[in-house]
Every structure is written in C-alpha cells, then in structure tokens.
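# Coordinate inspection notes
Residue-level listing of the chains:
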Amino acid sequence: MVKFKSRPSTPNGKPAKRPRMAYMEDSDEERTPVKAGKKNLESPKKRMKSAAPVSGKQHAIQEQRKLLPIAQGRDALIHEIRENDVTVLIGETGSGKTTQIPQYLLESGLAGKGMIAVTQPRRVAATSLANRVAEEKNTEVGKLVGYSVRFDETSSEATRIKYVTDGMLVRELLSDPILSRYSVIIVDEAHERTLRTDILMANLKAIQQKRNKPTDRKGKGPAAALSPLKIVIMSATLDAEKFSSFYNKAKILYVKGRQHPVTIYHTATSQADYVDSALRTFFQIHTDRPPGDVLIFLPGQEDIEGLSSSIQLYANRLPQATPGVLLCPLYAALPPGQQTKIFSPTPKGMRKCILATNIAETSITIPGVKYVIDTGKCKEKRYIARSVGSGFDTLLTRDITKSSAMQRAGRAGREGPGFCFRLYTEDAFKNMPLSAEPEIRRCTLTASLLQLKCLGQDLEELEFMDKPDEENILSALAALYILGALDDKKALTKNGRDMAFLPLEPYLARVVLAARELGCVREILDIVSVLSSNSKLFFDSADQRDAALEARTKFRHSSGDHFTILNVVRSFDEIAKTETNAGKKDWCHKTYLNFRCLTEAVAIRTQLKEVCERMKIDWTASCGDNEQPVLRSLVRGLVQNAAFLQPDGSYKQVMGPSIVKIHPGSVLCDKKIPAIIYDELVYTTNIYARGVSAVPRSFIAEVPVLNHRKA
Ligand code: CDP
Ligand code: MG
C-alpha cells in the first residue's frame with residue numbers, strides 16, 4: 001500500500017474526495033489558461049451531434065473542419081505562406097495545423113502542379129493523419145491523399161498530399177536530390193528535432209536556394225525548369241525563434257489554440273513502480289470520477305501491453321454496474337488497421353482508456369480525453385559510445401522534460417476542463433530539464449552519414465541547426481569503414497552505395513550484400529526481416545521465461561538465436577499456407593511468439609525482395625542446409641559486435657573494451673562458446689548480449705578490416 005500524505009483540493013477550493021493515491025495539486029501558473037471565446041468552448045462532440053443528422057458523417061466532418069481554431073485564420077495563413085518562401089507556424093496541439101494546412105494550400109492553388117509533403121517523425125502519425133485527411137476529402141487513402149513510411153507506401157499518380165516520415169523524405173533525396181516532385185514541404189513536429197528532421201531541414205535550405213534562385217529559373221539549362229519550393233515549419237511548442245533564424249529570419253505565424261483549464265495533481269511521494277501506480281490511478285478515476293476518457297502516457301510498447309492486460313484483468317472483475325473499459329493502445333509501430341478504435345467515439349456506457357507513448361503528446365489529437373495519467377517516463381534513443389558499449393543506439397527509459405509534461409497535461413483540456421495525474425512529485429517536475437537535446441547530439445550518425453555520402457555531402461560541412469559531436473562523427477566514419485562502405489580516404493565505395501539503397505540499418509544492409517556474394521540471400525532475408533521489425537519476436541519477460549523457452553524448444557538451434565529465428569520464420573511460413581489469421585495468432589500465442597512481429601517481418605520481406613529485384617540481387621539464392629554462408633554473412637555486418645570467451649566464462653568484445661554476458665533469453669545462454677556475435681547489448685546489472693550466434697573465430701578474423709588492423 002502506498003502511504004498518502006495530503007489531500008488535494010479542487011480549483012474552486014472545495015476539498016476533493018480523498019484518492020487512494022495522494023496527489024498535490026499544482027500551482028496556478030502551471031495551469032493552462034482558456035484562450036478561446038465562449039463559442040469555442042462547446043465540445044466538438046456536441047457540435048458534431050447537432051450537425052450529424054442532416055447529411056451524415058461527411059457533413060459533420062466539414063462542420064468540424066470549419067470550427068477548428070485554425071479555420072478563422074485560413075485566408076491570412078494562405079496569404080502569408082504565398083508571400084514567404086519559408087514560414088514557421090506555431091499552434092496548440094489540436095488546432096488543425098497538420099490536417100488543415102495541406103488542404104488549404106492545395107485548395108488555394110498554392111501547390112501548383114507539384115505535391116505537398118507533410119513530414120512526421122513517426123509512422124503511425126503519418127498513416128493515421130493520411131487516413132483522416134482522406135476522409136475529410138471524402139476519398140480513400142492512396143488517391144488524392146497518401147502516405148509513405150518505411151516498408152509501406154500508399155499513394156498513386158493522383159496523390160497531391162502525402163504524409164511521410166521524415167526518414168522517407170531523406171531517403172527520397174537519394175533518387176531526387178532537389179525533391180522536384182514537391183512544390184511544398186511541410187516539416188511538422190519540428191520541435192522534436194529528430195535526426196532525420198534536422199538533416200531534412202539542412203537539405204531543404206540548400207534545395208530552396210537552388211530552386212528559388214530567380215536567375216536559374218529564367219536562365220537556360222536544367223535549372224530553368226526548376227519550380228520554386230515552399231517550406232512550412234510547424235510545431236506545437238514555442239521555440240519558433242531558432243527555426244526562424246535558421247531560415248534567415250523566416251516569418252513566424254501563431255495560431256491561437258483552444259485550451260480549457262487542466263487541474264494538475266502530483267503524487268506526494270515518488271513512485272517506485274510507475275506501471276503499478278498508473279494501474280491504481282486508472283481505477284481510482286474509473287470508479288470515482290464522472291465520464292470522460294483516460295489517456296495514459298507510458299514509455300513504450302512493452303509497458304503498454306503489460307498495463308493493458310492488467311487493466312483488462314481487473315476490469316473484468318468489477319461489479320456489473322461499473323462502466324466497461326475500452327482499451328486502445330497507441331505506439332509508433334501500431335499497424336494502420338488498429339488505429340481506428342482510438343478515434344471512433346466511445347460507446348455509450350463505456351470509458352475509453354488510451355495507453356500511448358509520447359506520440360499522443362503533440363502528433364495525434366485524440367478526442368474525448370478528460371483525464372491524463374502521466375508516468376513521467378519516455379523512451380529515448382541514445383548513442384552508447386564504443387568506448388563504453390556497443391557503438392549503437394540504445395532505447396533507454398528516462399524521465400521526460402518539462403515541455404513534454406506540459407504537453408501531456410494539455411491533452412486533458414481539449415474539449416472541456418480536465419485533470420492530469422502526474423505520477424511524480426512537484427519537485428521532480430521542477431527539476432526536469434526544459435526540453436530534450438536534439439537527436440543529432442545524442443544518436444548514432446552511421447546511417448545518416450552513409451546517406452549524405454551518397455548525396456556527395458559531409459556531416460562536417462552541412463549547415464545544421466545544431467552541429468553533431470566530433471567524436472560521434474568519427475565513430476560513424478569508423479563504423480562505415482569497417483562495414484566496407486567507405487574506403488580509407490573516407491570515400492564512398494560501390495558497396496556503400498548499395499548499402500544505402502537497401503532500406504535497412506547499414507549493418508543489416510551489409511549482411512544482405514554479403515549474402516549476395518555467398519549465395520544465401522533467401523535465408524538472410526528471413527532473418528533480417530525479423531531483426532528490422534519494430535517489435536521483438538520472442539516474449540521473454542523474466543517471469544514467463546521458463547515456460548516460453550520450453551514452448552519454443554522445437555525452434556532451438558545449436559548455432560544460436562539467428563538460426564532459431566530462421567526456424568521460426570520457416571515454421572510460420574508453413575503454418576501460413578493453411579491457417580487463417582486467427583490460426584496463426586493462436587499458434588504464436590502457444591509458442592510465446594509475437595504474432596505482430598512475424599506479420600510485420602513477412603511484409604518487410606516482401607518489400608526487401610522487391611528492392612533486391614531492382615538491385616539485381618537474386619533473392620531466391622539459398623544455401624540449403626549449409627550454415628556456414630549464413631554465419632559468415634552475419635559476421636560481415638555484425639563484426640563490431642563480436643566477442644571472445646574468457647577463462648571466467650564471460651565474453652570480451654573484439655573491437656571494444658566491454659565484458660558482456662549472454663542474455664538469459666538466448667538459446668546459447670549457459671553455453672561456453674569460443675566466439676560469438678550479437679545483435680545488441682542490454683544494460684541492466686550486467687551488460688548482456690542479446691540475439692547471439694556462435695561463430696568460428698576464423699570467420700571474424702577473415703573480415704578484411706581486422707586484417708588491416710593487424711597488418
Ligand atoms: O496538428 P494539430 O495538432 O494542430 O491538429 P490536427 O492534427 O490537424 O487535428 C485537428 C483536429 O482534427 C483535432 O481536433 C483532432 O481531434 C481531429 N482529428 C480527428 O478527429 N481524427 C483524426 N484521425 C485526426 C484528427
Ligand atoms: Mg499536428
């Protein structure tokens with residue numbers, strides 16, 4: 001039982017009912033003010049209701065569009081964007097920036113004959129927004145409105161508005177360095193400062209200089225055909241100045257949002273287990289508070305799935321009279337088919353509970369939320385330098401920033417006064433950093449450096465909003481050299497160009513290229529597709545580990561986890577020949593395998609086969625029962641992740657200083673193997689290598705770069 005310290009009070013000073021978890025109400029200045037007039041205070045739901053019966057859903061959608069805060073400024077916005085090459089647009093989450101601006105620009109003819117691209121840092125935002133805007137345009141997604149995310153493209157010749165991940169647009173630079181298909185590029189969620197967004201913003205600046213130069217357009221030669229490019233930078237937070245000055249004092253436009261007061265509570269003491277605290281807080285709200293949906297912010301997919309099943313379990317035991325709970329998970333890898341539930345109205349007599357990552361902070365506005373539970377945690381990609389670890393990015397759960405905390409609270413006040421329960425103390429909030437460090441300062445630059453090399457650019461020379469770290473650039477250069485993508489003069493090799501063409505992490509791309517030489521592309525695509533999926537194949541939570549390992553015995557392979565993956569994929573392919581989706585799901589459930597991962601991997605494999613065909617790589621090449629070519633290919637990409645057995649049973653990295661152990665979830669866990677390679681390191685009490693294969697030492701020694709070093 002958590003001990004409670006004090007009783008929170010409501011904004012009107014009346015003592016609140018004592019909750020079973022203690023929260024302190026927040027100070028006044030932190031409360032977000034009402035900015036809208038009386039008319040705006042009406043909830044969109046109400047508005048929709050009054051409009052709906054006349055001519056159905058479409059009419060309601062159009063009415064809702066007109067009532068968005070941004071609609072009042074439509075003509076002024078179009079005017080400003082027409083007048084300026086670059087505009088920075090700031091507006092509260094939910095005001096209509098992402099869904100409306102592209103439509104306004106298209107309707108006003110501002111896009112000319114070109115396309116409008118809207119970038120998003122996350123794929124689920126890109127797909128769901130495209131669906132929404134297609135609906136607003138009364139068409140199916142893939143026609144006038146489309147999307148493009150890695151391994152999934154839904155667009156056509158008719159597409160004029162395309163929602164894309166920032167990474168996809170950076171990738172498009174490789175085939176079209178001036179992005180000539182687009183007349184407007186909207187960089188959305190710019191405040192997130194992802195690595196791809198930063199690279200894109202740097203390139204857009206240079207592209208615009210090329211495309212908008214009047215002399216070039218009037219002159220002769222290829223430049224004469226260039227159409228000018230408009231750039232719109234959009235964000236929900238107020239750090240506009242920096243973007244504006246980066247684009248030579250670009251015009252800043254503000255859209256007044258609509259925000260109702262949100263009462264904020266902090267816990268009296270810090271919480272040891274945020275998932276457990278979230279569970280109890282949810283049921284306090286559910287049993288004590290009036291109707292209204294609940295949005296819970298969690299760091300990642302695993303916590304979302306865990307909490308979701310706990311809530312379901314307890315909800316099933318509640319008395320009949322208690323409203324039912326409709327659970328809606330929302331995270332970056334959520335497939336498009338499962339997104340609709342989040343936006344559809346909550347059924348009568350139910351309470352919707354959305355469990356989301358920071359994706360719901362600004363990217364996606366969910367209607368109906370009255371209560372927010374903020375665990376104060378998020379996952380952040382961070383580079384673990386080679387000197388201490390893997391040289392790869394690791395996702396770490398960490399405390400959020402003040403700016404995130406404020407955005408999360410704001411989600412409760414979209415349609416009426418709301419409540420935010422922070423599962424951390426007020427002191428913890430006060431000590432949070434204001435905003436996050438841009439990714440370019442903390443993530444691996446390897447993949448981006450490779451892409452830039454293909455464009456004839458260098459990280460050191462490109463003009464960024466924030467410069468990347470010298471040491472980080474050096475380690476990216478080293479990694480690409482080891483993978484054979486760059487030669488010793490830092491110049492791109494043929495291999496490097498091919499690697500960049502494959503939509504994979506450079507090290508996995510290298511594995512595929514090695515497989516091409518060694519004649520085992522079929523096997524490697526099976527493995528690489530699983531490794532590229534956004535979720536893990538094996539469920540291996542510590543409490544179910546024994547049962548899971550037992551159920552998966554038949555896939556175990558003495559070479560290790562990569563061949564075990566291959567066995568799983570082959571069995572799944574067999575099952576898929578005869579079973580329905582439900583049958584496949586059931587099979588996965590029984591064997592503690594992640595159905596979602598396998599489904600995604602199959603889709604990725606299809607895409608990779610297409611890319612292979614374009615690159616004239618024979619993906620049907622198979623090495624049959626011979627394991628050697630597969631292991632050799634894996635070593636070629638994972639050589640930076642090789643380790644040798646030491647007398648005490650631990651492993652020492654070949655190209656780094658760390659001592660690692662084999663992860664308990666690996667099939668090689670208690671084996672003593674002279675040499676291993678692994679997919680990643682997990683940092684807990686020890687450093688664990690996960691995704692491990694046993695390889696002959698000679699395979700590691702034969703990688704050219706190691707020979708170099710010895711020489
Ligand atoms: O980009 P910004 O945060 O300014 O707003 P938006 O994403 O354009 O959303 C505008 C409005 O559309 C919000 O009120 C959303 O609730 C609504 N919307 C929706 O109902 N269904 C979606 N799938 C997406 C947006
Ligand atoms: Mg938006």
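Residues numbered from 1 in each chain as written. Chains lettered and ligands numbered in written order. Predicted model: local features only at pLDDT ≥ 70, side-chain atom pairs only at ≥ 80, totals over all residues.

Another aspect to go through is the overall build of the protein. When helices and strands are tallied, the protein shows 26 helices and 22 strands. Residue pairs in contact within the protein that sit at least 24 positions apart in sequence constitute 72% of those at least 6 positions apart. (Helix = DSSP H or I, 4+ residues; strand = E, 2+ residues; numbered from the N terminus. Contact = placed C-beta atoms within 7 Å.)

Attention now moves to helix H4 (residues 123-136). Under the 1.5 Å per step criterion, the end-to-end length of H4 is 20 Å for 14 residues, consistent within 8% with the ideal 20 Å. Counting buried residues in H4 gives twelve out of 14 residues, a clear majority hidden from the surface. Taken together, the buried positions of H4 are Arg123, Val124, Ala125, Ala126, Thr127, Ser128, Leu129, Ala130, Asn131, Arg132, Val133 and Ala134. Once H4 finishes, Asn138 follows within two positions and takes phi at roughly 60 degrees, a positive value. (Expected span 1.5 Å × (residues − 1). Buried ≥ 20, exposed ≤ 12 C-beta atoms within 10 Å, placed from the backbone.)

Once that is clear, we can look at the site of ligand 1. As a structural note, the neighbourhood of ligand 1 is formed by 15 residues, with Lys97, Thr98, Thr99, Arg132 and Thr365 the closest of them. At the level of elements, helix H3 (97-107) and H4 are the ones that each hand at least two residues to the shell around ligand 1. With four residues, H3 is the single largest residue contributor to the shell around ligand 1. There are two domains that each give the shell around ligand 1 at least three residues, and those are domain 1 (39-255) and domain 2 (260-440). (Near = placed C-beta within 6 Å. Domains from an automatic or database assignment.)

Turning next to the environment of His266. The topology assignment puts His266 in strand E10 (residues 262-267). Taking the C-alpha atoms as reference points, His266 and Tyr424, separated by 158 residues in sequence, lie 5.8 Å from one another.

Here the focus is the environment of Thr165. Its place among the elements puts Thr165 in strand E6 (residues 161-165). Sequence separation between Thr165 and Arg122 is 43 residues; the distance between their C-alpha atoms is 6.1 Å.

Moving on, we come to the domain arrangement of the protein. Segmenting the protein into domains produces domain 1 (39-255), domain 2 (260-440), domain 3 (444-501) and domain 4 (502-701). If you average the C-alpha positions of domain 2 and of domain 3, the two centres end up 37 Å apart.

A separate point is the sheet that holds strand E20 (residues 659-662). What the five strands build is a closed barrel, ordered E18-E19-E20-E22-E21; its pairing is mixed. Ignoring strand direction, the axes of neighbouring strands in this sheet form an average angle of 50 degrees. For strand E18 (residues 642-645) and strand E19 (residues 651-653), the ladder comprises three bridges, and the chain directions are antiparallel. Each bridged residue has a counterpart across the sheet, and for Phe644 the counterpart in E19 is Lys652. (Pairing = 2+ DSSP bridges. Axes fitted to C-alpha atoms, helices over the stretch in contact; angles between N-to-C directions.)

Of note, the phi angle at Arg193 is positive, near 50 degrees, even though the residue is not glycine. The exposure class of Arg193 is buried, given the 23 C-beta atoms found within 10 Å. One non-glycine residue, Lys490, lies in the positive phi region at around 65 degrees. Position of Lys490 among the secondary structure elements: in the loop between helix H16 (470-482) and helix H17 (494-501).

Two residues of an α-helix separated by three or four positions point the same way, owing to the 3.6 residues in each turn. For H17, the complete set of buried residues consists of Gly496, Met499 and Ala500. The buried residues of H17 occupy one face: seen down the axis, they fall within an arc of 95 degrees. Against helix H5 (166-175), helix H15 (446-454), H16 and helix H18 (506-518) lie the buried residues of H17. (Arc of directions from axis to C-beta.)

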